[in-house]
Amino acid sequence: MITIYDKKTTKGNFNNNGLSILDECLKAEITEEINGEYSLYIEYPANSKKANFLLEFNIIKADGQLFRIYKIEREQESIRKIKVWARHIFYDLAFYFIEAVNLLNANMKEALEGTIPPEAQVVFDITGPEKNIYPVKIRNVNGLEAIFKLIEIYGGELKRDNFNTEIVEKLGETKDITVRYGKNIKGLRAIIDTNEFATRIYPIGENNLVLPERYVEADSSIANILPYPITKKVEFSSCKDQEQLRNLAQEYIKKVSNPFINISVDFLELIKTKDYKEYSNLFNLNLGDIVKVKHEKLGIYSELRVIKRVKDLLRPINTKIELGN
């Protein structure tokens, strides 16, 4: 059910039908990305009396989540309709301004408590891990910008649920699902980008520090099918000792020895093919979930996460997901 509420409706007052139930939607979909967009898009008949409630700043409840309208467009076609764009209520944090914050040492939970204005903390419940101690200096930002700056400092991913926001180390869970590709399948679009790919790196630290063994090799299946290693110089300018340099290089080679892979799954197109049964279990994946991916022709075996999900609220089979690394 999709309902709409007056712009002044406050936390704890959304357990009713509000101004109206929006039961004539022509289109309604929610887009959510890891640490990115979380939005609602609706198309509605302009001649409906309920369309009068579709006003800027009013709040729409859809799929159990609250979204505040920020843009409206009226379109004259054979069917007159209104297009509505709304952001998750989490983005209301942008309405609160922060002049300056200076914390000498704080974990993320403490940094959130010391950064987000008290009046915003009355409305929003925001929590984070109680580990990793860093200094925090933030000036002249809004509450939304402050949260993303703290994520830059501490890491983590946003788990947004109406007025509750939790910053976790990693969203999702590992699923026992393997996606096999390498042939053309309608509804499954794959991009493989080897621009940053390397199978061997030459790490350099501060003052031209190098390793005794000089190179760090990749433990990658794709390296075995290439005629020669792909070597790249990588600078770790703040690294002062060889052991740290080796550790950083080993972590780095794990990332670049697998090509960038992005797979888009369009379930409406996929359901029309004989391969749908093989991939139907992808439909139940949530944001952040991890699946195994195998490119049989190239010998690439990797793990991809659900990095984006576009959920169609009216026709669930229209839902689309993106897998990426």
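On a predicted model such as this, the values are computed, not experimentally measured, just so you know. (Residues numbered from 1 in each chain as written. Predicted model: local features only at pLDDT ≥ 70, side-chain atom pairs only at ≥ 80, totals over all residues. Heavy atoms only, no water.)

A. Just helix H4 (residues 242-256), in detail. With 15 residues, H4 should reach 21 Å at 1.5 Å per residue; the first-to-last C-alpha distance of 21 Å fits that figure. Those residues of H4 that fall on the buried side of the exposure criterion are Leu-245, Arg-246, Ala-249, Ile-253 and Val-256. Taken down its axis, H4 places every buried residue within 100° of arc, on the same side. Residues of H4 that are exposed and point over 90 degrees away from its buried face: Lys-254 and Lys-255. The inward-facing, buried residues of H4 abut strand S15 (200-204) and strand S16 (216-217). Two or three places before Glu-243, at the start of H4, stands the capping residue Asp-241, its side-chain oxygen 3.2 Å from that residue's backbone nitrogen. (Helix = DSSP H or I, 4+ residues; strand = E, 2+ residues; numbered from the N terminus. Expected span 1.5 Å × (residues − 1). Buried < 20%, exposed > 50% of the residue type's maximum accessible area, 1.4 Å probe, protein only. Arc of directions from axis to C-beta. Contact = heavy atoms within 4.5 Å. Polar contact = N/O pair within 3.5 Å; in protein donor to acceptor, adjacent residues only side chain to side chain.)

B. Structural context of helix H1 (residues 108-115). Here H1 has its buried residues at Met-108, Ala-111, Leu-112 and Thr-115. Projected onto a plane normal to the axis of H1, the buried residues spread over an arc of 100° and lie on a single side. In the core, the buried residues of H1 are packed alongside strand S8 (97-106), helix H2 (118-123), strand S9 (125-127), strand S10 (134-142), helix H3 (143-154) and strand S12 (164-168). Its side-chain oxygen at 3.1 Å from the backbone nitrogen of Lys-109, Asn-107 defines the N-terminal cap of H1.

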